Amino acid sequence: MTYATVQEVPTAVIEGLAAGTLAPYLGPGMLSLCEGTLPPADPLALAAVLTAKVSVPGKIKNRLTAAAQFIENFKHRKTLVKGMDEAYAAAPAPSALHRWIAALPAPVIVDCWYDDTLGQALAARSDWAEVQGLAQSEHFGTWTGWYDAQGAASPDPIAAQTLYYKPWGGRSPASNYLVSDSDYVEVLTEIDIQTPIPAEVQQRRGSLGFVFLGCRFNDQLPRAFARQIMKRSQGPHFAVMAEEPTRMEARFMEEQGITRIALPLAAVAAALTAGAATAA
């Protein structure tokens, strides 16, 4: 398998993000840049938090979506939502990279984790709107929820400079979560034909490439969502990944034409926020 790898942050990445032609695509690894007490920053940690309060069978204890489904089935959806709310009740102060991203003229920012960290950083602006994925168990027939910069729900899409898209939902402003097996089955059944992806995101991505920050592709779910969110986008695409990719990650990056930036996220954050890097 072959995919491009660079050892420095390409100037094109800095310039593309600054110009709004590349869109940030954030994952749970972004929390590693924050200080203080952190909420769960990967599926295994989140599963541990949820199952510490509700007993689940040992064979699924470390499998987030299965553990969440068990809690939903046997303790009610409200118990699962409460557990998620408690897990993400305290959002850490945004890192320098969070603040830098929040100030970009990005048409779209994708955030595939449940914390409110980037939302806090965006609060300094008024020209953005948030769109979140919705669980069909709670919002049958409605795939997304829209919120203005103050967190007020809107029945219709909101025109804004930046669309902050959280396909898996988040704690703020309305405790929307895709986390259980059934949540994802509903979405994945339709995602190939793009139904769960907001039309506004589909329209804007046509002139964008994506820069994956704090993301891994070592599980089917992040690969499926990234593949469908990237569909029909212009490119180019980059992923910061210091660790050697797994076989499936390598295959995915080759398939999607993603250039790997083989540096720690903290080093890339320093380069981006400094506004300078050596061209690769």
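Predicted, not measured: the structure shown is a model, and the values here were computed from it.

A. Focus on helix α3 (residues 64-75). The first and last C-alpha atoms of α3 sit 16 Å apart over 12 residues, in line with the 16 Å expected at 1.5 Å per residue. Looking only at α3, the buried set comprises Leu-64, Ala-66, Ala-67, Ala-68, Gln-69, Ile-71 and Glu-72. Turning to α3, the residues buried within the fold contact α2 (43-53), α4 (77-87) and α7 (181-191). Once α3 finishes, His-76 follows within two positions and takes phi at roughly 90°, a positive value.

B. Expanded view of α4. Every buried residue of α4 is accounted for by Arg-77, Leu-80, Val-81, Gly-83, Met-84, Asp-85 and Ala-87. Looking at the packing, one finds that the buried side of α4 touches α2, α3, β9 (176-177) and α7.

C. The side chain of Asp-111, seen in detail. Along the chain, the position of Asp-111 falls in strand β3 (residues 108-111). When near neighbours in sequence (up to four residues on either side) are disregarded, Asp-111 contacts Leu-26, Leu-118, Tyr-164, Tyr-165, Lys-166 and Pro-167.

D. Layout of empty space enclosed by the protein. A complete count under the given rule lists two cavities of 30 Å³ or more for this structure. Gly-133, Leu-134, Trp-143, Thr-144, Tyr-165, Pro-167, Leu-178, Val-187, Pro-196, Ile-197 and Phe-225 are the residues that line the largest cavity. Tallied by class, the residues present in the lining of the largest cavity amount to nine nonpolar, two polar and no charged. In this model, the second largest cavity occupies a volume close to 50 Å³.

E. Representation of the confidence of the model for the protein chain in the model. Confidence along the protein chain averages 93 in pLDDT terms, with 98% of residues attaining 70 or more. Ignoring residues within four places in sequence, the model shows residues 276-280, a span with pLDDT below 50, making 15 contacts including any to other chains.

F. Representation of the packing of aromatic side chains within the structure. All chains considered together, the criterion is met by 15 aromatic pairs. Plain terms: the ring middles of Phe-70 and Phe-74 are 4.5 Å apart, the flat faces sit at 35° to each other, and that makes the pair tilted. Of this pair, Phe-70 and Phe-74 both sit in helix α3, four residues apart, roughly one helical turn. Classification of Phe-74 by relative accessible area gives exposed; the value is 58%. Measuring from ring centre to ring centre gives 5.9 Å for Tyr-184 and Phe-225, while their planes differ by 80°; the resulting arrangement is edge-to-face. One end of the pair, Tyr-184, is in helix α7; the other, Phe-225, is in helix α9 (residues 220-230), with 41 residues separating them in the sequence. Taking the relative accessible area as the measure of exposure, Tyr-184 reaches 4% and is therefore buried. Here Phe-225 falls in the buried class, since its relative accessible area comes to 2%.

G. Looking closely at the layout of surface pockets. Of the voids in this model, the largest pocket is the one considered here, and its volume is about 700 Å³. If you go around the largest pocket, you meet 34 residues; those closest to its centre are Pro-28, Gly-214, Cys-215, Arg-216 and Asn-218. Put simply, the parts of the chain that give the lining of the largest pocket at least two residues each are α3, α9 and α11 (265-274). A per-element tally of the lining of the largest pocket places α9 first, with four residues. Of the residues contributing to the lining of the largest pocket, the split by class is 23 nonpolar, six polar and five charged. If you trace the second largest pocket, you find 15 residues lining it, with Gly-119, Trp-128, Glu-130, Ser-172 and Pro-173 closest to the centre. Going through the elements one at a time, α6 (117-122), β4 (128-133) and β7 (162-166) are the ones with two or more residues in the lining of the second largest pocket. Partitioning the lining of the second largest pocket into residue classes produces five nonpolar, five polar and five charged.

Basis of the calculations
- Residues numbered from 1 in each chain as written.
- Predicted model: local features only at pLDDT ≥ 70, side-chain atom pairs only at ≥ 80, totals over all residues.
- Heavy atoms only, no water.
- Helix = DSSP H or I, 4+ residues; strand = E, 2+ residues; numbered from the N terminus.
- Expected span 1.5 Å × (residues − 1).
- Buried < 20%, exposed > 50% of the residue type's maximum accessible area, 1.4 Å probe, protein only.
- Contact = heavy atoms within 4.5 Å.
- 1 Å grid on protein atoms, 1.4 Å probe; cavity = no way out; pocket = protein on both sides within 12 Å on 5 of 7 lines; lining within 4 Å.
- Points joined across faces, edges and corners; volume = space filled by probe spheres on them.
- Nonpolar A, V, L, I, M, F, W, Y, C, P; charged D, E, K, R; others polar.
- pLDDT = per-residue confidence, 0-100.
- Phe/Tyr/Trp six-rings, centres within 6.5 Å; stacked < 30°, edge-to-face > 60°.

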